[in-house]
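Secondary and tertiary structure notes
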Amino acid sequence: MSALLDLRGLTKHFPLSPDLFGRPKATVHALDDVSLSLARGETLSIVGESGCGKSTLGKAIVQLQVPTAGDILLEGARVNGQRGAALKAFRKRVQMVFQDPYSSLNPRLTVFDSLAEPLRNFGIAHARAELERQIGDLLQQVGLPRDAAHRYPHEFSGGQRQRIAIARALAPRPDLIVCDEAVSALDVSVKAQVVNLLGDIQKATGLSLVFISHDLAIVEHLTHRVAVMYLGRVVELAERRALFGDARHPYTRALISAVPVPDPKVRKTRTMLKGDVPSPLRPPSGCRFHTRCPFATETCRAVTPALRPVAEGHKVACHFDISPDGTQVRDAA
Amino acid sequence: MAASSLPPQVSAAPDLFPPVKRRHPWVALARRHPSIVIGGGLLLVIVVMAVAAQWLGTVDPNAIAPAKRNRAPSAEFWFGTDALGRDLYSRVLYGAQVSLMVGVAVAVCATILGLATGLVAGAVRALDAPIMRIMDGLMSIPPILLAVALMALMRGSVLNVILAISIAEFPRMSRLVRGLVLSIREQPYVDGAIVAGTALPMVIWRHILPNTLGPVIVQSTYICSAAMITEAALSFIGAGTPPSVPSWGTVMSEGRALWQIKPHMIFFPAVFLSLTVLAVNILGDGLRDAFDPRAGKRG
């Protein structure tokens, strides 16, 4: 399995603007030492609560954010810090779909103009007739009529706009699309349609997807692998089946137990987390989850757990092996 | 349930959606944005009067007639004459040309200058602080004082008045544009354009600039009215247009010595100035409402 995308120790800190005397006030630790890899044709989902750094990770991958440290590798070649033609070549291969379909399309441009932009920029099509043909094909590919091209975004519904945004991302025929909460703003039925559309496109083109979401039900439906993030760190990384069936990290278990089951007879034992996510301005020492973890010990407060393999393709950042019912806690070391 | 058992009221349903009345587009505009029509209409009348001044029964606004000086308004001299016997009606109408030209030219110059500096300050982080501190400096001086100071350095001419007032007025526009750019560039469609491979200058030109234009046009109407008042004030204190070019400010300035016994010398140019500024401001308010659907929409 040759990796298309490799993230090595990706870190992003946002210094808050300095106070009146020029002293930096504080630093937001949005991403800390995130290492992931993604194969061709694979979907990797990034899940976690609001503020855990998933959107920053997405923006860092498409280079809308410059990472503080770490490297991004595309087919083994380092791509972060590139400029000019090299950056443009990177952009052609890595595209993004944004969360809010109402603000991700310029309200003053027709669909044609929005879609023509990447086609012209990446030198795929220039002549008017060729642009018309390719944009018609793209719209058809995302399930919209060809004549949608000459309308403005406000004439479309949220789901249709998200299809247009997907068409824009598909325009340069990329190898990878980062979907940042791409269906979160949509109604449930429309959500399913868009998710299925992404799946169909992936099957047809062999595209890789990074799917950033807080919605585990959607993630379970479309992903190959899942990375769970908490306060800027990856706490668990596993194949879909392993994650939803055999989650090891107490945080992942809490997340999964919070997914609603559409059956009133099922009474689940919910793992409730106490407290809120701590501020990323002052992340807790050691394991960042220790302030809310029912199993936390002195070790957790002092030592940051590394991602360690627990099974084939399954890694977890926890000092302990905790049985699914939480009764047995064994030291992993 | 059979269709026949439906209560008879159901047939009244179409009344809930009365047929849309087809109105003439001008009537529709007037109903939706009355201030645009009122302000624009009043301004149009004044502009037509200014442009058509020479065909509206005027005489040479600078022709002196000492025998007929200080006349009150009459059938011969509609607005009376001034201390040199010049026809005030002609001077007010020709003065409208100068005032409107200054207002429009300053609005255009200040908008272009403000857009250029504001876009750069908003888009290029390194230049933001230097440009904005210069604007703060310019804005800390009252516009009229700054214009007087600039006029003191230059010869009195309409062009120099336009330049001086533009320099005094454009920092406000610059600050507005910078603020707009800072908020627009956080919009996902700007990120989307960057990901789509668009270079920064093109992002500014295609995605940021067009979305600033609504507020910018509104602000430029306010600059236009402010510029007309500043021009009148400059001319009133003798730092504006040369005496050979009648503007409302110069006409009022010349009437100052006699205004207590001959109030018409100041009354007519002042009324025209006020009406023009009022028209531009009403138009600006209407445009603001039209561009910002969230701003109070009654009915």
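See the structure shown above.
Residues numbered from 1 in each chain as written. Chains lettered and ligands numbered in written order. Predicted model: local features only at pLDDT ≥ 70, side-chain atom pairs only at ≥ 80, totals over all residues. Heavy atoms only, no water.

Here we look at the sheet that holds strand 5 (residues 77-78) of chain A
All names here are of chain A. The line we're drawing: Paired strands are those between which DSSP finds at least two bridges. In DSSP terms, a helix is any run of H or I states spanning at least four residues, a strand is any run of E spanning at least two, and both are numbered starting from the N terminus. Should any heavy atoms of two residues lie within 4.5 Å, those residues are considered in contact. An axis is simply a line fitted to the C-alpha atoms; with a helix, the fit covers only the stretch in contact. Between two such axes, the angle follows the N-to-C directions and lies from 0 to 180 degrees.
An order of 2-1-4-5 is seen for the 4 strands of this open sheet, with the pairing classed as antiparallel. Each edge of the open sheet carries a strand with a single partner, namely strand 2 (27-39) and strand 5. Helix-sheet contacts for helix 1 (residues 54-61) involve strand 1 (3-15), strand 2 and strand 4 (69-74), and the interaxial angle to strand 1 is about 120 degrees.

Comments concerning a nonpolar patch on the surface
Heads up, the condition is: Only residues whose relative accessible area exceeds 30% and that form no salt bridge are eligible for patches; like-charged ones are grouped when within 9 Å, while nonpolar side chains (Val, Leu, Ile, Met, Phe, Trp, Tyr) are grouped when within 5 Å. In short, Shrake-Rupley with a 1.4 Å probe defines the accessible areas, and a residue's cover is counted only from the protein chains shown. Here a salt bridge means any side-chain nitrogen of Lys or Arg lying within 4 Å of a carboxyl oxygen belonging to Asp or Glu.
On the surface, a cluster of nonpolar side chains totalling about 270 Å² of accessible area is made up of Val104(B), Val108(B) and Ile112(B). With respect to the helices and strands, Ile112(B) occurs in helix 3 (residues 88-123).

Overview of the interface of chain A and chain B
Rules: A simple way to read buried area is as the amount of 1.4 Å-probe accessible surface that goes missing from two parts once joined, with both sides added. Definition of a polar contact: a pair of N or O atoms within 3.5 Å, with one able to donate and the other able to accept a hydrogen when the atoms are protein atoms, and with sequence-neighbouring residues admitted only if both atoms are side-chain atoms. Gly counts as polar in this scheme, as do all residues outside two lists: the nonpolar Ala, Val, Leu, Ile, Met, Phe, Trp, Tyr, Cys and Pro, and the charged Asp, Glu, Lys and Arg.
Every contact between the two is made by 22 residues of chain A and, on the other side, 15 residues of chain B. Counting the surface chain A buries against chain B, the share from its top three residues, Asn106(A), Arg108(A) and Glu117(A), is 31%. At the junction of chain A and chain B, the tally comes to 2 salt bridges. Note that Glu117(A) and Arg206(B) form a salt bridge whose closest N and O atoms lie 3.6 Å from each other. Summed over the shared surface of chain A and chain B, the result is 13 residue pairs in polar contact (both at pLDDT 80 or more). When contributions to the side of chain A that touches chain B are tallied by element, the ones reaching two or more residues are helix 2 (84-93), strand 6 (94-97) and helix 3 (111-121) of chain A. Across the side of chain A that touches chain B, the residue classes break down as 10 nonpolar, 5 polar and 7 charged.

Here we look at the pattern of salt bridges
In plain terms, the rule: Accessibility here uses a 1.4 Å probe with only protein chains present; expressed as a share of the type maximum, an area under 20% marks a residue as buried, one over 50% as exposed, and anything in between as partly exposed.
Here the structure, examined in full by the defined rule, presents 30 salt bridges over all chains. Where Arg86(B) meets Glu254(B), a salt bridge forms, and the shortest distance between an N and an O atom there is 3.2 Å. Of this pair, Arg86(B) sits in the loop between helix 2 (34-51) and helix 3 while Glu254(B) is found in helix 9 (residues 248-255), placing the two residues 168 residues apart along the sequence. The exposure class of Arg86(B) is buried, given its relative accessible area of 9%. A relative accessible area of 29% means that Glu254(B) is categorised as partly exposed. As a salt-bridge pair, Asp285(B) and Arg288(B) come within 3.9 Å of each other at their nearest N and O atoms. Here Asp285(B) and its partner Arg288(B) are both found in helix 10 (residues 264-291), 3 residues apart, which amounts to about one turn of the helix. With a relative accessible area of 40%, Arg288(B) lands in the partly exposed category. A single network of salt bridges, built from pairs that share partners, joins Arg40(A), Glu75(A), Arg93(A) and Asp175(A).

Focus on unusual backbone geometry
All names here are of chain A. You will see that Gln63, though not glycine, has its phi angle at about 65 degrees, which is positive. Position of Gln63 among the secondary structure elements: in the loop between helix 1 and strand 4. The backbone of Glu75 shows a phi angle near 50 degrees, a positive value even though the residue is not glycine. Along the chain, Glu75 turns up in the loop between strand 4 and strand 5.

Notes on the sheet that holds strand 8 (residues 208-213) of chain A
All names here are of chain A. Pairing within the open sheet is mixed, and its 8 strands lie in the order 6-7-8-3-9-10-12-11. One side of each edge strand has no neighbouring strand; the edge strands of this open sheet are strand 6 and strand 11 (308-311). Neighbour-to-neighbour, the strand axes of the sheet open up by a mean angle of 25 degrees, direction not taken into account. Pairing geometry for strand 6 and strand 7 (residues 176-180), over 4 bridges, is parallel. Looking at the pairing, Val97 lines up with Cys179 of strand 7. Strands strand 3 (43-47), strand 7 and strand 8 of the sheet are contacted by helix 6 (residues 188-205), whose axis makes an angle of about 160 degrees with strand 8. Of the strands in this sheet, strand 9 (225-230) and strand 10 (233-239) are in contact with helix 9 (residues 250-257), which crosses strand 9 at around 105 degrees.

Describing the packing of helix 3 of chain B against helix 9 of chain B
All names here are of chain B. To be explicit about the condition: By definition in this entry, angles of less than 35 degrees are roughly parallel, angles greater than 145 are roughly antiparallel, angles of 65 to 115 are roughly perpendicular, and the rest are oblique.
At a minimum axis separation of 8 Å, helix 3 and helix 9 run at an interaxial angle of 140 degrees. If you check the angle between helix 3 and helix 9, you find them oblique. Contacts between helix 3 and helix 9 involve Leu88, Arg91, Val92, Gly95, Ala96 and Ser99 from the former and Trp248, Val251 and Glu254 from the latter. Grouping the amino acids of the contact of helix 3 with helix 9 by side-chain chemistry returns 5 nonpolar, 2 polar and 2 charged.

Quick word on the packing of aromatic side chains
All names here are of chain B. The condition that has to hold: To pair, rings of Phe, Tyr and Trp, with the six-membered ring standing in for Trp, must have centres within 6.5 Å; the planes then decide the type, stacked if under 30 degrees apart, edge-to-face if over 60, and tilted in the middle.
In this structure the tally under the stated criterion is 9 aromatic pairs over all chains. Here the aromatic rings of Phe79 and Phe268 are separated by 4.0 Å at their centres, their planes lie at 5 degrees, and the arrangement is stacked. Linking Phe79 in the loop between helix 2 and helix 3 with Phe268 in helix 10, this pair joins segments that are 189 residues apart in sequence. By relative accessible area, Phe268 is classed as buried at 17%. The interplanar angle of 80 degrees and the centroid separation of 5.3 Å between the aromatic rings of Phe267 and Phe268 together place this pair among those described as edge-to-face.

Quick word on the nonpolar core
Keep this limit in mind: Buried Ala, Val, Leu, Ile, Met, Phe, Trp, Tyr and Cys residues form a nonpolar core when they are joined through side-chain atoms within 4.5 Å.
Counting 64 residues, the largest nonpolar core has Ile135(A) and Ile166(A) as the members making the most contacts within it. Per element, the largest residue contribution to this core is 6 residues, and it comes from helix 5 (residues 158-170) of chain A. Look past the residues within four positions of Ile166(A) in its chain and what remains in contact with it is Val97(A), Val142(A), Val194(A), Leu197(A), Leu198(A) and Ile201(A). The next biggest cluster of nonpolar side chains, apart from the first, holds 41 residues, and it includes Leu119(B), Ile131(B), Val181(B) and Tyr189(B).

Details of helix 7 (residues 188-195) of chain B
Residue and element names in this part refer to chain B. Counting buried positions along helix 7 yields 7 of 8 residues, so the element is predominantly enclosed. Within the sequence span of helix 7, burial applies to Pro188, Tyr189, Val190, Asp191, Gly192, Ala193 and Val195. A positive backbone phi angle near 85 degrees is found at Gly197, which sits one or two residues after helix 7.

Describing the environment of Gln187(B)
The topology assignment puts Gln187(B) in the loop between helix 6 (158-184) and helix 7. Residues Gln187(B) and Gly286(B), spaced 99 residues apart in sequence, show a C-alpha to C-alpha distance of 27 Å.

Some words on the environment of Tyr94(B)
All names here are of chain B. In this structure, Tyr94 sits in helix 3. Along the primary structure Tyr94 and Ala50 are separated by 44 residues, whereas in three dimensions their C-alpha atoms are 6.2 Å apart. Residues in contact with Tyr94, not counting those within four places in the same chain, are Ala53, Gln54, Thr58, Val59, Pro61 and Pro246.

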